[in-house]
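Commentary on secondary and tertiary structure
Single-letter residue listing:
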Amino acid sequence: MSFHSTAAQLVTLAAEGQEHGGNHESLNPYLTGGGAFVILMLLLWITTRFNRDR
C-alpha cells in the first residue's frame, strides 16, 4: 500500500462521514449531560461522606 492510495482511502472515508453528521439519533445531549452530572454529584456526595474526619 502506498502513501497515495492510503490518503485517497482516508479522504473517501472522511467524505462518507459527513453525510451522517456524527451523532446517533437515539442520543439526546441534554439527557446524556444531565445523567453525567447526576452521577458526578452522587460520587461527590459519597466521597464527602467517607471523609468525615477532615
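Given the structure is predicted, the values throughout are model-derived calculations rather than measurements. Counting starts from 1 at the beginning of each chain's written sequence and moves along it residue by residue. Side-chain atom pairs in this predicted model are given and counted only at pLDDT of 80 or more, local residue features only at pLDDT of at least 70, and totals for whole chains, interfaces and linings cover all residues. Hydrogens are left out, water is left out, and the side-chain values use all remaining heavy atoms of the structure.

1. Here's the deal with the overall build of the chain
Numbered from the N terminus, helices here are DSSP runs of H or I no shorter than four residues, and strands are runs of E no shorter than two. Within the chain one finds two helices and zero strands. A burial count over the chain gives 0% of its 54 residues as buried. All accessible areas in this document rest on Shrake-Rupley with a 1.4 Å probe, and a residue is counted as covered only by the protein chains that are shown. Carbon and sulfur atoms make up 66% of the accessible area of the chain, which amounts to about 5,500 Å² in all. A 1.4 Å probe rolled over the protein chains alone gives each residue an accessible area, and that area as a share of the maximum for its type sets the label: buried under 20%, exposed over 50%, partly exposed in between.

2. Section: helix α2 (residues 29-50)
Taking 1.5 Å per residue as the helical rise, α2 with its 22 residues ought to reach 32 Å, and the 32 Å between its terminal C-alpha atoms agrees with that figure. Capping the start of α2, N28 holds a side-chain oxygen 3.2 Å from the backbone nitrogen of Y30, two or three residues further along. Given the number of residues in a helix, its expected span is that number minus one, multiplied by 1.5 Å. In protein, a polar contact requires one atom able to donate a hydrogen and another able to accept it; more generally it is a pair of N or O atoms within 3.5 Å, and residues adjacent in sequence count only if both atoms are side-chain atoms.

3. Description of the UniProt feature "transmembrane region" (unreviewed entry) in the chain
In the numbering adopted here, UniProt assigns the feature "transmembrane region" (unreviewed entry) to residues 27-46. Secondary structure within residues 27-46 divides into 90% helix and 0% strand; the distance between the first and last C-alpha atoms comes to 28 Å. UniProt positions are given in the numbering used here, feature names are shortened, and annotations may be inferred rather than shown by experiment.

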